[in-house]
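# Inside the fold
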Amino acid sequence: MSSVEEISNPVVENLEEDGLEEENTVEEAEMEYEGPVKGGYIFYRDRKEWADLEPVPQDDGPNPVVKIAYSEKFTDVFDMFRALLKNDEKSERAFALTAEAIELNAANYTVWHYRRVLLQALDKDLREEMKYITAIIEDQPKNYQVWHHRRMVVEWLNDPSEELQFVAEILSQDAKNYHAWQHRQWVMQEYKLWDGELEYVEELLEEDVRNNSAWNQRHFVISHTSGYSAILEREVQYTLKQIKKAPHNESAWNYLNGILQDGGLSSYPGLLEQVTELQDTCSSPYLTAFLVDLYEDALETNSSSYDQQETLNKALELCKLLAEEKDTIRREYWNYVSRSLQNTYGSGDPVSSSSDPPPPSSSQQPDTEPSDP
Amino acid sequence: ITGVNDRYPQIRHLDSNKMILHIFLRPTLLREQHYHYLKKGLRHLSDAYECLDASRPWLCYWILHSLELLEEPVPAAVASDVCQFLARCQSPTGGFGGGPSQHAHLAPTYAAVNALCILGTEEAYKVINREKLLDFLYSVKQPDGSFVMHVGGEVDVRSAYCAASVASLTNIITPTLFDGTHNWILSCQNWEGGLGGVPGLEAHGGYTFCGTAALVILGKEHMLDLKALLRWVTSRQMRFEGGFQGRCNKLVDGCYSFWQAGLLPLLHRALFKEGDSTLSMSSWMFERKALQEYILLCCQNPGGGLLDKPGKSRDFYHTCYCLSGLSIAQHFGNKDLHNELILGRDENRLAPTHPVYNICPEKVARAIEHFHRLPVPVQTGPTLSAMDQS
């Protein structure tokens, strides 16, 4: 499967449908095969070393659908690949062909699987394979198969020594590459390579305090090393410092919330004061939302440090401010939060949903499944 | 006009003629253009699609789903051709691969089953070898409850969704098939409230959708921290663009119109099942109008097809998910309690889509009804316990 700038699902690259790229002539010049045609590319079906193998055309059936207008080169390589697969051939030439097939479509997981089978069957030099996969990933860093392949080779070599530096190199080109972070976390956990990572994260946050992947990595490292109990204050102060530098940075606010969840926002000493102090210079919808979360926690824990009624009123007031003024795109959500708070902590009449007339029956809610499987 | 430019900086990409049309002629879904783009693509694709040569069932699903949202019928002959093609993509050991003779992989398996359910004919249902499909699912099941995407492949939460989707639609869920799966998915929910691809990773719209929808299928969605998830996903709608981003502090992308906005119907139902009496009776908890505006004004290619954001190329993936998101935004509720909010002309109305499977609800119902008349197969391939001799 190929992947796109966001790894959304299986994915797609930006396909230049109107304005196709030229045939890759650079590749042709690099080809150095013996053959009568000088500097030209020879199809596998015409190469004498492949004459014993009958190419296997793709079986799309008589009335194909989603039929791709493959280039001649693509067809030639994959027809030959199918022939190798059919015969289960395990040879050097098969190995070489997998590289050609990968270059034409690096998302073909069947080819990658076959290449791995050949790596083992032919006892290939895995250090060379590392060099190969390094180059491929540099070229196509948003592809699932290339990263998985690298992981397999690292496992076989049982050698993670190049990994952190390699991933850092890829992240220096795209600091949020999801595959890169996934690989990095895998290496760290598998081989217990935690040293220096917090420093690395801080470097990234220096470069871009809005890098949410870096904030996530911060959480990852701390969770898997010291844990948050002993160093919570340090983290709170670090985060508040970043907030002061960039008040409209949602990542920092989310992190602050995330690390204080377990202990409870309202029971953290001095937090309400510190955040309220920020209101003049660092006002943002995130600050207001944070206060709502804090008040909600006070209500939920029935904290004796807070007057319940006053806290509820403040929370409702802020929800209204967010819904009507500061964060109107989330109006539906903030109104729901208001109703929920009112319903759970309010005294008096139960709250019905928004401004709609009361439903005829109480079970009138959309059923998003026609029937439960 | 200045106001619109402020709200949509991307509109500067559109030429001024189009901008004026959009303001004065109400946002219009370019149905004809999208239809021709889809109709052509279902048969022929340029060599730019070589990179999707291992995803051809996806191309079938993206195009067929887009057509069903547009309420454009698929001629019987074409439908039959799709069935025969997907049959060629089916692996002898079960599941579907990205093309004829390719190894089975959960993603094209998901796509193929969905595409066949959209077609909904006896011929389509019969393509699926249920016994072998079950064997395939067991062959990719891991001891920790997760699934690899294909034999010898990578693990991430997409696989659980693909497995749960096809297994539930085709009625092949055995008592042990999803042992441990819900716990593994739950471990993907992180400090942000959303889900990452594997435990420890950043919360991401695509993976969050997959994990949540899988849990809904397994009946375990209540085990998520629903409030934290709700806060995370609602925060992903961009206040200026109106569309959704995939991750905090990243850019808007039309495809998240489905992956992210599609979570709201799932959460609505989950909260309702928990006894929440304060849910809205008229709307999902996101700004429906703003999302429709983003899709219609910023994500349409004038020649047909939809896209990520202005300046990007069209493709069938974005066409599918932008239209799916548009449908989600237009339709609240179900057949009994339905609230439609169609931005622009009535002709912009799309068919509703099922937020778990992302095919039309009637097709889900028909498939489930068909396959539930058949017995759950018995696993015949190697058993997990045989492979996991630890």
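First, a word on scope: everything that follows refers to the structure included in this document. Nothing here was measured: the structure is a model prediction, and the numbers come from that model.

Procedures and definitions
- Sequence order as written defines residue numbering, which begins from 1 separately in each chain.
- In the order they appear in the text, chains get letters beginning with A and ligands get numbers beginning with 1.
- Local features in this predicted model are restricted to residues of pLDDT 70 or higher, and side-chain atom pairs are both shown and tallied only at a pLDDT of 80 or more, whereas totals for entire chains, interfaces and linings draw on every residue.
- As a rule here, side-chain values come from all non-hydrogen atoms in the structure, and water together with hydrogens is ignored.
- Secondary structure elements are defined from DSSP: runs of H or I of at least 4 residues count as helices, runs of E of at least 2 residues count as strands, and each element is numbered from the N terminus.
- Residue burial is assigned from relative accessible area. The probe radius is 1.4 Å, only protein chains are included, and a residue is buried under 20% of its type maximum, exposed over 50%, and partly exposed in between.
- We call two residues contacting when some pair of their heavy atoms lies within 4.5 Å.
- To measure how exposed things are, a 1.4 Å probe is used in the Shrake-Rupley method; for residues, cover is taken only from the protein chains shown.
- A residue counts as positive if it is Lys or Arg and as negative if it is Asp or Glu; His and the chain ends are not included.
- The atoms used to mark charge sites are NZ of Lys, CZ of Arg, CG of Asp and CD of Glu.
- Each patch is assembled from residues with relative accessible area greater than 30% and no salt bridge, linking like charges that lie within 9 Å and nonpolar side chains (Val, Leu, Ile, Met, Phe, Trp, Tyr) that lie within 5 Å.
- Definition used for salt bridges: Asp or Glu carboxyl oxygen within 4 Å of a side-chain nitrogen of Lys or Arg.
- The pairing test for Phe, Tyr and Trp rings, Trp by its six-membered ring, is centres within 6.5 Å, and the orientation test on the planes gives stacked under 30 degrees, edge-to-face over 60, and tilted for anything in between.
- Two conditions define a charge located above a ring, namely a distance within 6 Å from the ring centre to NZ of Lys or CZ of Arg, and an angle within 35 degrees of the ring normal.
- Here the quantity called buried area is the total loss of accessible area, with a 1.4 Å probe, experienced by two parts when brought into contact, counted for both.
- Between N or O atoms, a polar contact is any pair within 3.5 Å; within protein, one atom must be a potential hydrogen donor and the other a potential acceptor, and residues adjacent in sequence are included only when both atoms are from side chains.
- All residues other than Ala, Val, Leu, Ile, Met, Phe, Trp, Tyr, Cys, Pro, Asp, Glu, Lys and Arg, Gly among them, are scored as polar; the first ten of these are nonpolar and the last four charged.
- Pairing between strands requires that DSSP locate at least two bridges from one strand to the other.
- Lines are fitted to the C-alpha atoms to define the axes, a helix being fitted only along its stretch in contact, and any angle between axes, read from their N-to-C directions, falls within 0 to 180 degrees.
- For classification purposes, angles smaller than 35 degrees are called roughly parallel, those larger than 145 roughly antiparallel, those between 65 and 115 roughly perpendicular, and all remaining angles oblique.
- The hand of a helix crossing depends on one turn: near helix anticlockwise from the far one by less than a right angle means left-handed, and clockwise means right-handed.
- An arc is given here, and it is the one of the directions from the helix axis to the C-beta atoms.
- A helix is expected to span 1.5 Å for every residue after the first.
- Residues grouped as a nonpolar core are buried Ala, Val, Leu, Ile, Met, Phe, Trp, Tyr and Cys residues, joined through side-chain atoms within 4.5 Å.
- Count a disulfide wherever a pair of cysteine sulfur atoms falls within 2.5 Å.

## A short note on the overall build of chain A
- Summing up its helical and strand segments, chain A has 16 helices and one strand in all.
- Counting every position in chain A, which comprises 373 residues, the buried fraction comes to 54%.
- Across chain A, the fraction of contacts at a sequence separation of at least 24, relative to all contacts at a separation of at least 6, is 60%.
- About 17600 Å² of surface is accessible on chain A, with carbon and sulfur atoms providing 47% of the total.

## Concerning the overall build of chain B
- Looking only at helices and strands, chain B features 18 helices and three strands.
- With the principal axes as the frame, chain B shows a C-alpha extent of 70 × 45 × 40 Å.
- When each of the 390 residues of chain B is scored for burial, the buried share is 69%.
- As displayed, chain B has an accessible area near 12300 Å², and 56% of this comes from carbon and sulfur atoms.
- Averaging the coordinates of the 35 positive side-chain charges in chain B and doing the same for the 37 negative ones gives two points 2 Å apart.

## Description of a negative patch on the surface
Residue and element names in this part refer to chain A.
- Together, Asp-195, Glu-199, Glu-203 and Glu-207 make up a negatively charged patch on the protein surface.
- You can see Asp-195 is positioned in the loop between helix 8 (178–191) and helix 9 (197–207).
- The exposure class assigned to Asp-195 is exposed, which follows from its relative accessible area of 76%.

## What to know about the packing of aromatic side chains
- Tallied over the full model, the rule gives 36 aromatic pairs over all chains.
- Note on A:Tyr255 and B:Trp191: the rings are 5.6 Å apart at their centroids and 85 degrees apart in plane angle, and the pair reads as edge-to-face. Of this pair, A:Tyr255 sits in helix 12 (residues 250–260) while B:Trp191 sits in the loop between helix 10 (181–186) and helix 11 (205–218), placing the two residues on different chains. When sorted by exposure, A:Tyr255 lands in the same class as B:Trp191, which is buried.
- Ring plane angle 75 degrees and centroid distance 5.3 Å describe the contact between B:Tyr125 and B:Phe371, whose orientation is recorded as edge-to-face. Of the two residues, B:Tyr125 is situated in helix 7 (residues 122–127) and B:Phe371 in helix 17 (residues 361–372); the sequence distance between them amounts to 246 residues. The residues B:Tyr125 and B:Phe371 share a single accessibility class, namely buried.
- Taken together, the ring pairs in this structure connect B:Trp58, B:Tyr61, B:Trp62, B:Tyr110, B:Tyr161, B:Phe209, B:Phe258, B:Trp259, B:Tyr317 and B:Tyr321 into an aromatic cluster.
- The ring of A:Trp50 carries A:Arg93 above its face, with NZ or CZ at 4.8 Å from the centroid.
- It is A:Arg184 that lies over the ring of A:Tyr200; its NZ or CZ is 4.2 Å from the centre.

## A word on unusual backbone geometry
Residue and element names in this part refer to chain B.
- With phi around 55 degrees, Asn-171 is a residue other than glycine that occupies positive phi space.
- With respect to the helices and strands, the residue Asn-171 is situated in the loop between helix 9 (157–169) and helix 10.
- Of note in the backbone geometry, Asn-249 takes a positive phi value of approximately 65 degrees without being a glycine.
- Inspection of the secondary structure puts Asn-249 in the loop between helix 12 (226–234) and helix 13 (256–259).

## Some points on the pattern of salt bridges
- The tally for this structure, following the rule as stated, stands at 40 salt bridges over all chains.
- Of the charged contacts, one joins A:Asp327 and B:Arg239 as a salt bridge, the two residues approaching to 3.1 Å between their closest N and O atoms. With A:Asp327 in the loop between helix 15 (308–326) and helix 16 (331–345) and B:Arg239 in the loop between helix 12 and helix 13, this pair bridges two chains.
- Owing to a relative accessible area of 4%, A:Asp327 belongs among the buried residues under this scheme.
- For B:Arg239, a relative accessible area of 27% gives the class partly exposed.
- The salt bridge partner of B:Asp81 is B:Arg43, with a shortest N-O separation of 2.6 Å. Of this pair, B:Asp81 sits in helix 5 (residues 76–89) while B:Arg43 sits in helix 3 (residues 31–43), and the two are 38 residues apart along the sequence.

## Focus: the interface of chain B and chain A
- Each partner contributes residues to the interface: chain B has 117 residues there, and chain A has 91 residues.
- Taken together, the two surfaces of chain B and chain A that pack against each other cover about 9600 Å², and 52% of this comes from carbon and sulfur.
- Taken together, the connections running from chain B to chain A amount to six salt bridges.
- Linking A:Asp60 and B:Arg56 is a salt bridge whose minimum nitrogen-to-oxygen distance equals 2.8 Å.
- Where chain B packs against chain A, one counts 42 residue pairs in polar contact (both at pLDDT 80 or more).
- At six residues, helix 4 (residues 56–69) of chain B tops the list of elements feeding residues into the side of chain B that touches chain A.
- Split by residue class, the side of chain B that touches chain A holds 54 nonpolar, 36 polar and 27 charged.
- Pairing of strand 1 (residues 67–68) of chain A with strand 1 (residues 44–45) of chain B involves two bridges; the strand directions are parallel. The partner of A:Ile68 across the bridge, within strand 1 of chain B, is B:Leu45.

## Looking at the packing of helix 8 of chain A against helix 9 of chain A
Residue and element names in this part refer to chain A.
- Relative to each other, helix 8 and helix 9 sit at 160 degrees, their axes nearing to 13 Å. As summarised for this structure, helix 8 and helix 9 are arranged roughly antiparallel, according to the angle between their axes. Pair helix 8 / helix 9 crosses with left-handed handedness. Each of Trp-181, Arg-184 and Met-188 in helix 8 lies in contact with helix 9, whose residues at this interface are Glu-197, Tyr-200 and Leu-204.
- Here the residues of the contact of helix 8 with helix 9 are counted per class, giving four nonpolar, no polar and two charged.

## A look at helix 7 (residues 163–173) of chain A
Residues and elements named next belong to chain A.
- Among the residues of helix 7, those classed as buried are Glu-163, Phe-166, Val-167, Ile-170 and Leu-171. Seen end-on, helix 7 carries its buried residues on one side only, within an arc spanning 135 degrees. In helix 7, the exposed positions angled more than 90 degrees off the buried face are occupied by Gln-165 and Ser-172.
- Lining the buried residues of helix 7 we find helix 5 (126–139), helix 6 (144–157), helix 8 and helix 9.

## Here's the deal with the environment of B:Phe332
- You can see B:Phe332 is positioned in strand 2 (residues 331–333).
- C-alpha of B:Phe332 to C-alpha of B:Tyr138: the two residues are 194 residues apart in sequence and 37 Å apart in space.

## Some details on helix 17 of chain B
Residues and elements named next belong to chain B.
- Between the first and last C-alpha of helix 17 there are 16 Å, a value that for 12 residues agrees with the 16 Å anticipated at 1.5 Å per step.
- Residues of helix 17 that are buried include every one of Lys-363, Val-364, Ala-367, Ile-368, His-370 and Phe-371, and no others. Seen end-on, helix 17 carries its buried residues on one side only, within an arc spanning 165 degrees.
- Turning to helix 17, the residues buried within the fold contact helix 4, helix 6 (106–119), helix 7, helix 8 (130–140) and helix 9.

## Thoughts on the nonpolar core
- Among the nonpolar cores identified, the biggest contains 241 residues, and A:Leu260, B:Tyr61, B:Trp62 and B:Tyr321 are the most heavily contacted of them.
- Ranked by residues supplied to this core, first place goes to helix 6 of chain B with 11 residues.

## Quick word on the side chain of B:Thr234
- Of note, B:Thr234 is situated in helix 12.
- From its side chain, B:Thr234 meets the backbone oxygen of B:Arg231 in a polar contact 3.2 Å long.
- Every residue in contact with B:Thr234, bar those within four places of it in the chain, is listed here: A:Arg330, A:Tyr333, B:Leu264 and B:Met285.

## A look at the side chain of A:Thr311
- Secondary-structure assignment places A:Thr311 in helix 15.
- Leave out the neighbours within four places in its chain, and A:Thr311 touches A:Tyr295, A:Ala298, A:Leu299 and A:Tyr306.

## Some points on the state of the cysteines
Residue and element names in this part refer to chain B.
- By the definition in use, this model includes zero disulfides over all chains.
- Free cysteine Cys-117: the closest other cysteine sulfur is in Cys-83, separated by 11 Å.
- Relative accessible area serves as the criterion here: at 0%, Cys-117 is assigned to the buried category.

Honestly, that's just the spatial picture; any functional story needs more than this.
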